[in-house]
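Architecture and fold: a report
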Number of protein chains: 2
Amino acid sequence: MAPFTSLLLLLFAFLGTVTPAKSMPAFFPRASYYQSLTAKQSKATKPKVAYKTHYFPQILDHFTFQPKSSKIFYQKYLINSQYWHRGAPIFVYTGNEGDIDWFAANTGFLLDIAPKFRALLVFIEHRFYGESMPFGKDSYNSVETLGYLNSQQALADFAVLLRSLKHNLSSEASPVVVFGGSYGGMLAAWFRLKYPHIAIGALASSAPILQFDDITPWSSFYDAVSQDYKDASLNCYEVIKGSWAELEALSAQKEGLVELSRTFRTCKNLHSLDSVWDWLWSAFVYTAMVNYPTEANFMMPLPAYPVKEMCKIIDGFPPRASKISRVFAAASLYYNYSRGEKCFQLENEPDSHGLHGWNWQACTEMVMPMTCSIESMFPPSGYDYKEFAEGCKKKYGVTPRPHWITTEFGGKRIDQVLKRSGGNIIFSNGMQDPWSRGSVLKNISSSIIALVTKKGAHHVDFRSATKDDPDWLKELRRQEAEIIGRWIDEYYADLKQGIDNA
Amino acid sequence: MAPFTSLLLLLFAFLGTVTPAKSMPAFFPRASYYQSLTAKQSKATKPKVAYKTHYFPQILDHFTFQPKSSKIFYQKYLINSQYWHRGAPIFVYTGNEGDIDWFAANTGFLLDIAPKFRALLVFIEHRFYGESMPFGKDSYNSVETLGYLNSQQALADFAVLLRSLKHNLSSEASPVVVFGGSYGGMLAAWFRLKYPHIAIGALASSAPILQFDDITPWSSFYDAVSQDYKDASLNCYEVIKGSWAELEALSAQKEGLVELSRTFRTCKNLHSLDSVWDWLWSAFVYTAMVNYPTEANFMMPLPAYPVKEMCKIIDGFPPRASKISRVFAAASLYYNYSRGEKCFQLENEPDSHGLHGWNWQACTEMVMPMTCSIESMFPPSGYDYKEFAEGCKKKYGVTPRPHWITTEFGGKRIDQVLKRSGGNIIFSNGMQDPWSRGSVLKNISSSIIALVTKKGAHHVDFRSATKDDPDWLKELRRQEAEIIGRWIDEYYADLKQGIDNA
């Protein structure tokens with residue numbers, strides 16, 4: 001799914017030191033790889049008739065006052081009003097880096113709880129994604145246009161749109177609760193903190209708001225991925241950890257790439273080890289993130305607890321089998337669970353417009369340092385900010401602002417800060433999800449709550465309920481709905497008191 | 001003083017309907033009038049050696065990422081470190097629309113309490129004021145440059161500067177408390193709400209954060225001015241209320257302006273009634289705002305409780321005396337308390353660059369609707385947004401965003417919103433100050449406190465203590481220091497707990 005995928009792509013930026021393509025951050029090729037992938041996906045999963053599409057005339061630049069900054073663009077948003085009546089709550093998904101239809105399709109939780117709250121559902125698309133292109137197809141053409149793509153402008157978009165929407169619905173007194181997953185969860189939490197007069201609360205699922213500066217250990221993400229595999233089987237973890245060296249050694253041999261092409265059943269002969277590396281890397285990381293307790297089709301169709309399944313495959317080989325053959329078989333579960341693929345397209349065409357929104361955000365404000373420790377199942381790597389910044393300068397002509405997010409939104413000593421300010425936020429995380437390590441995992445106050453599930457994965461709580469959901473997942477969703485219900489009751493009580501006192 | 005004066009100038013924008021100059025908002029001529037006035041003043045009151053001047057390389061645009069938005073300008077700030085040691089509190093004045101030296105000179109409260117807290121004092125100049133001109137002397141030349149003058153950019157300036165300052169002082173753990181008066185008080189309160197991770201609390205003195213949209217009745221400001229005079233003497237109020245018609249009638253007569261020139265002892269013969277109107281209007285409004293309990297030299301040298309003194313003059317005339325002669329004599333107290341003026345310069349040269357920062361802010365985000373009710377001592381007037389917007393369009397080529405401030409910072413149902421979010425803010429107001437009506441006058445929570453004094457005027461609490469201060473003023477300042485002390489104690493206790501738990 002777009003949010004974590006592109007959050008994920010970011011990681012590779014910091015692995016330039018181990019990826020052969022040293023000259024620039026390694027996430028650009030992967031970006032296009034990801035795009036072709038999600039493009040395929042999103043076609044497959046357009047939402048049903050549950051939402052009506054609208055377009056809001058949005059202001060380009062909320063924070064300067066110039067004729068050009070007052071330019072209007074059309075921001076897409078989706079509405080479901082089948083359960084709503086005037087004055088009832090409004091549940092808003094703060095869209096992140098992708099088509100809003102895609103998020104609506106993968107956030108069934110809101111549809112599941114809407115009847116109970118008689119809630120209006122609104123999914124707002126993030127500027128510069130999906131159809132919400134401020135400069136049409138030229139939006140990605142230059143730094144002049146991309147400059148308006150950032151999280152503060154996006155939050156202001158939500159504020160302006162919601163105020164106008166409530167006015168047009170003659171429902172100013174409706175309480176708004178914001179929901180978001182991954183980067184969308186960061187936006188939901190930040191929106192509640194910056195715009196408490198517009199949102200009475202936020203459910204931020206798998207939102208790594210602490211993945212910046214030195215707040216979270218840089219190696220935590222890949223250590224967490226590795227832990228998932230280690231928990232499934234120590235042998236599995238060791239095979240994957242050892243496979244990279246085997247790959248390097250083989251590719252260094254004469255005819256090595258030919259043999260690799262055969263082993264990996266590539267549709268075309270390989271030109272470099274890079275693509276194999278990326279292909280395996282993505283399979284292991286994505287699978288850890290979507291290590292869901294039920295069969296799901298998210299990034300790819302996968303069985304329940306896919307990490308365990310991958311490790312079963314790896315452990316099931318005869319003792320003499322090569323690590324390469326094992327990791328190929330394991331990765332095939334990710335790429336070919338439906339068994340539709342005769343061969344694998346490891347080397348992709350470069351992305352048509354050569355740019356990707358999240359890469360831009362990663363090169364400006366979303367600077368999340370990451371490393372691979374020697375304990376991880378990936379080759380050790382450090383974080384070279386200088387190399388990263390040079391890559392950004394070269395690619396976009398901008399220099400990152402690595403400390404801006406923590407200056408604008410905070411994060412350091414977050415418990416100390418938010419216990420004296422803010423309120424009504426749920427941070428939900430599943431420990432299977434490597435992003436959980438960069439989120440809030442402990443209660444901060446009586447109304448800033450951390451809900452942590454040992455077996456949960458990347459915003460699993462936002463997926464539609466299924467008959468196979470385990471009890472811990474049902475309980476998690478029940479708790480979330482209960483807390484949100486409390487916020488809404490408090491809001492109406494405060495409102496009544498305010499009217500009585502007036 | 002700059003903050004309230006220019007807040008004040010704004011009012012006239014909404015009086016186009018009663019001022020003869022109907023063609024454009026009437027505050028532009030007054031702006032230049034104000035400028036010549038404060039220019040005179042600020043020279044007189046440059047601060048002593050208490051502060052050392054510094055310049056911070058500040059980023060032009062925090063909210064877009066473009067080569068030009070990364071342009072650096074030098075933001076002036078003042079430091080007093082004589083009482084400070086590393087780790088001790090940092091008290092910051094969030095500068096408003098004027099020279100920062102001017103605010104430092106008129107905010108002796110911080111110097112008075114610094115020793116008790118061993119606090120570092122920092123006064124930060126607001127972009128586009130004083131010496132902090134992003135484009136040097138061209139800063140006011142066009143909408144392209146002025147576009148970067150607004151409150152959100154100013155708040156981000158404070159955040160970036162303070163983070164850097166704490167880092168350079170190796171004192172990241174020092175608690176920061178922000179202080180501000182008038183517009184600076186709005187900035188202090190908003191800074192605490194938007195940047196709680198940087199400021200642990202805010203003292204917002206005479207901050208009319210509710211003077212927007214329809215939150216505060218539009219007539220409240222001039223009704224409050226009138227109440228000050230009515231409380232001093234009903235006759236005084238009635239004389240002033242009746243004087244405007246007398247002025248109109250006289251100016252309509254042949255030789256009327258000549259007679260007015262004589263009556264008002266003007267240095268040059270008058271060309272229109274406008275200037276007399278403005279001259280009186282300013283005297284009555286400014287005097288109400290600075291109706292201090294002690295002799296003070298703020299806008300102008302004035303005796304203690306100057307409103308009462310003005311009314312004594314008006315009431316002291318023989319029964320037959322004209323209203324015009326009485327209001328002239330009263331206004332002379334404001335303009336000539338020191339008795340230095342042989343004649344009065346009522347008609348001023350137009351301001352050299354013809355623009356003024358606050359007028360720009362009033363024409364973009366700081367849209368504060370105001371009217372004069374029939375109960376006020378001023379001629380009744382409505383609020384014509386269309387006329388105001390046309391004036392702004394004509395003058396600057398921008399269209400105001402009248403609902404932006406309440407979208408970005410809130411204000412509606414503020415008690416309901418802030419009791420569930422935010423904390424550690426003091427709103428202090430004196431009821432003599434007409435701006436008090438647009439501020440927070442009731443406690444919102446246990447840590448968002450309203451301190452209201454019946455006899456207080458525009459941020460009187462920020463002035464240096466004097467031997468003549470009445471008990472209620474001493475008590476107000478004592479309470480403020482006590483509450484701030486509590487925030488600081490809580491902060492250090494939280495910090496210790498955080499370290500112990502880590």
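Residues numbered from 1 in each chain as written. Chains lettered and ligands numbered in written order. Predicted model: local features only at pLDDT ≥ 70, side-chain atom pairs only at ≥ 80, totals over all residues. Heavy atoms only, no water.

If you look chain A up in an unreviewed UniProt entry, it shows as Serine carboxypeptidase S28 family protein from Hevea brasiliensis.

1. Observations concerning unusual backbone geometry
Residue and element names in this part refer to chain B. Our working definition: Working definition: helices are DSSP H or I runs of at least four residues, strands are E runs of at least two. Numbering for both runs from the N terminus. Here the term buried applies to any residue with accessible area under 20% of the maximum for its type, exposed to any over 50%, and partly exposed to those in between, with areas from a 1.4 Å probe on protein chains only.
For S206, which is not glycine, the phi dihedral falls at a positive 50°. With respect to the helices, strands and loops of the structure, S206 is situated in the loop between β6 (201–205) and α8 (220–232). Of note in the backbone geometry, N424 takes a positive phi value of approximately 55° without being a glycine. Here N424 shows up in the loop between α17 (414–418) and β9 (425–430). A residue is classified by how much of its surface remains accessible, and N424, at 5% relative accessible area, is buried.

2. A short note on the sheet that holds strand β5 (residues 176–181) of chain A
Residue and element names in this part refer to chain A. Let me state the cut-off plainly: Note: two strands are recorded as paired if DSSP finds a minimum of 2 bridges between them. Structural elements are reduced to axes, namely lines fitted to C-alpha atoms, with helices fitted over the stretch in contact, and the angle between N-to-C directions of any two is expressed from 0 to 180 degrees. We call two residues contacting when some pair of their heavy atoms lies within 4.5 Å.
With mixed pairing, eight strands are arranged side by side in an open sheet as β1-β2-β4-β3-β5-β6-β9-β10. Edge positions in the open sheet fall to β1 (52–59) and β10 (448–453), since each of these has one partner strand only. Strand-to-strand, the axes of this sheet are offset by a mean angle of 20°, without reference to chain direction. Looking at chain direction, β5 and strand β6 (residues 201–205) are connected through five bridges and run parallel. When the bridges of β6 are listed, V177 appears paired with G201. Each of β3 (90–94), β5, β6 and β9 (425–430) is contacted by helix α7 (residues 183–194), which is oriented at about 150° to β5, the strand it contacts most. Lying over the sheet, helix α18 (residues 471–501) contacts β3, β5, β6, β9 and β10, oriented at roughly 170° with respect to β10.

3. Here we look at the interface of chain A and chain B
Put simply, the rule is: Within this document, salt bridges are pairs made up of a side-chain nitrogen of Lys or Arg and a carboxyl oxygen of Asp or Glu, the two lying within 4 Å of each other. Here a polar contact is recorded for every N or O atom pair within 3.5 Å, except that within protein the pair must consist of a potential hydrogen donor and a potential acceptor, and residues adjacent in sequence are included only if both atoms are side-chain atoms. All residues other than Ala, Val, Leu, Ile, Met, Phe, Trp, Tyr, Cys, Pro, Asp, Glu, Lys and Arg, Gly among them, are scored as polar; the first ten of these are nonpolar and the last four charged.
Taken together, the contact between chain A and chain B spans 59 residues of the former and 59 residues of the latter. Notably, a salt bridge pairs R163 of chain B with D213 of chain A, separated by 2.8 Å at the nearest N-O pair. Summed over the shared surface of chain A and chain B, the result is 37 residue pairs in polar contact (both at pLDDT 80 or more). Only α5 (143–146), α6 (151–168), α7, α14 (357–364), α16 (404–409), α17 (414–418) and α18 of chain A provide two or more residues apiece to the side of chain A that touches chain B. Among the elements that make up the side of chain A that touches chain B, the one with the highest residue count is α6 of chain A (six residues). When the residues that make up the side of chain A that touches chain B are grouped by side-chain class, the tally is 21 nonpolar, 21 polar and 17 charged.

4. Some details on the environment of S446 of chain B
Residues and elements named next belong to chain B. You can see S446 is positioned in the loop between β9 and β10 (448–453). Residue S446 is classed as exposed on the basis of its relative accessible area, which comes to 72%. The spatial distance from the C-alpha of S446 to the C-alpha of I425 is 9.9 Å, given a sequence separation of 21 residues.

5. Overview of the state of the cysteines
Rules: Whenever a pair of cysteine sulfur atoms sits within 2.5 Å, that pair is classed as a disulfide.
In this structure the tally under the stated criterion is six disulfides over all chains. One disulfide in the model links C267 of chain A with C343 of chain A; its S-S distance is 1.9 Å. Disulfide C267 of chain A-C343 of chain A: the torsion about the S-S bond is 95°, which places it as right-handed. In this pair, C267 of chain A is assigned in the loop between α10 (256–263) and α11 (273–289) and C343 of chain A in the loop between α13 (323–336) and α14, connecting sequence segments 76 residues apart. On the accessibility criterion, C267 of chain A (34% relative accessible area) is partly exposed. A relative accessible area of 27% means that C343 of chain A is categorised as partly exposed. Paired by a disulfide, C363 of chain B and C392 of chain B hold their sulfur atoms 2.0 Å apart. The disulfide joining C363 of chain B to C392 of chain B has a torsion of about -75° about its S-S bond and is therefore left-handed.

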